[in-house]
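Single-letter residue listing:
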Amino acid sequence: MISVKDLTKRYARTTAVDHINFEVAKGQIVGFLGPNGAGKTTTMRMLTCFLPPSSGTATVAGFDVLEQPLEVKKRIGYLPEMPPLYPEMETAEYLKFVGRLKGLSGAELQKRVDYSCERCAIADVKTKLLGKLSKGYRQRVGLAQAIIHNPDVLVLDEPTAGLDPKQINETRDLIKGLAGSHTIILSTHILPEVEQTCEQVVIINKGKLVATDSVRNLQARARGAESVVLEVAGRNGNLELNAVENKLRGIAGVSQVLCKQQIDSRAVFEIESEKGRLVRGDLARAVVESGWDLNELRPAAMSLEEIFLQLTKSETPAEKAQAQGAQP
Amino acid sequence: MRNVLVICRKELGSYFASPIAYILLLLFGVVFGWMFSSALGQFLNYSMEAQMSGSYYPMNLNEQLIRPLLSNVAVLGLFAIPMITMRLFAEEKRSGTIELLATSPIRDIEIVVGKWFASVVLYACLLLFTAVNFAFLFRYGHPDWKPLLIAYLGLLLQAGGLLALGTFISTLTKNQIIAGAGTFGVCLLLWIVGWVDYETAAWAHVLSYFSVVTHFESFARGVLDSKDVIFYATVIFIGLFFTARSMESLRWRS
């Protein structure tokens with residue numbers, strides 16, 4: 001649906017976006033991740049034909065952003081970082097105006113306005129002035145504005161910025177609900193958001209592409225070895241911490257054992273295996289055979305936060321590859 | 001064309017949703033009303049004196065009352081025009097709504113013309129307010145309506161040109177005050193640039209040709225001179241052309 005090739009944006013002194021490549025399939029939600037000033041907004045602005053790229057190409061639904069901007073714009077709904085609202089307009093009036101801008105008219109326009117209001121839960125503020133709406137409502141009117149012409153692609157720039165936790169959840173659910181019928185690109189610097197809403201992640205830093213993959217693959221990729229959380233409890237009310245640790249260390253393939261927590265006779269360990277070895281089975285057997293209770297055994301998923309920090313820490317992708325290559 | 005009307009309608013909505021349109025209407029109504037009544041009073045005095053002294057020259061409503069008043073309307077316009085155009089693009093740039101317009105399937109030139117046209121419509125409303133005063137003259141006297149109509153066409157064309165320049169200046173900044181002050185300066189300059197009658201050199205003629213006042217004189221006399229129509233049309237075209245270019249450069253810079 002979206003295809004970006006060597007997309008670059010240069011300003012007089014800086015390069016905001018530097019040869020970025022990625023593809024987005026139809027119906028996917030893609031998280032666009034990066035620290036502030038990484039070039040997320042610039043990339044989105046190029047996709048929505050607000051800014052022309054300095055070099056490289058981007059196509060949306062098969063149309064080039066430079067060659068056929070009108071065709072691209074017809075197929076894109078865009079929510080900029082600041083919702084583009086006119087404070088002196090009423091909600092319904094505003095949505096009608098945007099609908100007309102996007103080429104709707106007559107009964108179709110009315111239908112889409114009603115649909116968007118219902119979908120974004122703003123039907124109760126239809127006759128209120130936009131300037132008097134709360135931040136959460138403003139954001140949702142912004143979303144309603146983006147979906148008014150039923151676009152194939154939705155580009156959302158930090159859709160949950162500045163909302164309270166309840167509103168954030170509502171907005172995320174709304175975005176998830178829109179996926180499938182729409183292809184969605186959403187930018188954010190909040191990592192759990194991507195974990196919760198997106199299928200695929202594009203991480204950029206300082207204008208350069210750092211990683212692009214599915215959330216699950218990325219988690220696997222960032223850590224080659226297996227990482228396991230293990231909770232052990234002693235049978236008769238006490239637990240010899242040292243004995244357990246020594247026992248676990250003795251298992252072939254375990255490279256690190258760390259006691260995270262001990263409460264009475266229970267202890268939680270974080271165990272890392274050597275690269276390419278699966279140790280979960282051995283761990284379970286060792287614990288049970290030693291006469292302890294095995295309360296919990298689960299793979300420790302690495303949070304995107306750690307991955308993100310790991311990936312954006314090194315200065316350039318080349319250096320990062322070098323560092324990774326030197327490790328094993 | 002449809003898109004132009006969509007933009008124009010929205011702009012007119014904004015004008016009349018905010019106090020600006022009403023303030024200008026009030027300004028035109030009160031100030032021009034005062035100008036009209038005092039000019040009329042003076043005219044009546046003169047005509048009475050002329051009658052008593054048995055003058056042979058008949059007084060002329062068009063020449064002695066309407067024409068000077070029309071130049072006053074143009075002066076009022078000088079103040080109103082910056083107020084009308086200053087927010088057109090500056091406000092959209094400041095609030096970020098320009099992103100909505102620029103990412104909608106609509107051409108830049110349609111946005112520009114739509115906004116300019118809305119400002120012209122608002123100015124036409126202001127002119128209509130002044131025209132009410134002249135309507136009284138038709139009730140009690142017999143002025144010639146054709147020159148009056150042509151003069152109003154001239155006022156509208158003159159303002160159209162200045163409004164186009166104001167629209168252009170509004171694209172240059174995010175700050176309405178700067179846009180307004182800049183527009184006022186440019187309008188004033190185009191007004192007084194013709195004050196070089198004392199000079200007979202070629203450059204003086206060129207300068208006075210650029211004055212928006214010089215070109216209004218024929219309209220004020222009730223003469224529809226194609227030379228002056230073309231001048232105003234050119235100013236409008238240049239103003240809108242630069243506005244469209246400026247919007248395009250906004251995309252490359254911002």
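Keep in mind that this is a model prediction, so the values were computed, not measured.

Definitions and limits used
- Residues numbered from 1 in each chain as written.
- Chains lettered and ligands numbered in written order.
- Predicted model: local features only at pLDDT ≥ 70, side-chain atom pairs only at ≥ 80, totals over all residues.
- Axes fitted to C-alpha atoms, helices over the stretch in contact; angles between N-to-C directions.
- Helix = DSSP H or I, 4+ residues; strand = E, 2+ residues; numbered from the N terminus.
- Left-handed = near helix turned anticlockwise from the far one by under 90°.
- Contact = placed C-beta atoms within 7 Å.
- Nonpolar A, V, L, I, M, F, W, Y, C, P; charged D, E, K, R; others polar.
- Domains from an automatic or database assignment.
- Buried ≥ 20, exposed ≤ 12 C-beta atoms within 10 Å, placed from the backbone.
- Pairing = 2+ DSSP bridges.

1. Quick look at the packing of helix α6 (residues 108-140) of chain B against helix α7 (residues 145-170) of chain B
All names here are of chain B.
Right, on to step 1. Running from N to C, α6 and α7 point in directions that differ by 145°, and their axes come no closer than 9 Å. The two elements α6 and α7 meet at a crossing, and its hand is right-handed. Where α6 approaches α7, its residues V112, K115, W116, S119, V120, Y123, A124, L127, A131 and F134 are matched on the opposing element by L148, Y152, L155, L156, A159, G160, L163, A164 and T167.
Right, on to step 2. Residue composition of the contact of α6 with α7, grouped by class: 15 nonpolar, 3 polar and 1 charged.

2. Looking at the domain arrangement of chain A
Right, on to step 1. Partitioning chain A into domains gives domain 1 (2-221) and domain 2 (224-299).
Right, on to step 2. Relative to domain 2 of chain A, the C-alpha centre of domain 1 of chain A lies at a distance of 45 Å.

3. Observations concerning the packing of α7 of chain B against helix α8 (residues 176-192) of chain B
Residues and elements named next belong to chain B.
Right, on to step 1. Where α7 contacts α8, the axes come no closer than 9 Å and their chain directions differ by 145°. Considering how the two elements wind past one another, α7 and α8 form a crossing that is right-handed. Taking contact as the criterion, the partners of L162, L165, G166, I169 and S170 in α7 are, on α8, A179, G182, T183, V186 and C187.
Right, on to step 2. A breakdown of the residues in the contact of α7 with α8 according to their chemical character gives 6 nonpolar, 4 polar and no charged.

4. A closer look at the pairing of strand β3 (residues 29-33) of chain A
All names here are of chain A.
Right, on to step 1. Of all the 5 residues making up β3, 5 are buried; the element is thus mostly covered by neighbouring parts of the structure.
Right, on to step 2. The two faces of β3 match: I29, G31 and L33 on one face and V30 and F32 on the other face are all buried.
Right, on to step 3. Relative to strand β8 (residues 183-188), β3 is paired through 5 bridges, and the arrangement is parallel. Looking at the pairing, V30 lines up with I185 of β8.
Right, on to step 4. Relative to strand β9 (residues 200-205), β3 is paired through 4 bridges, and the arrangement is parallel. Along β9, the bridge assignment pairs V30 with Q200.

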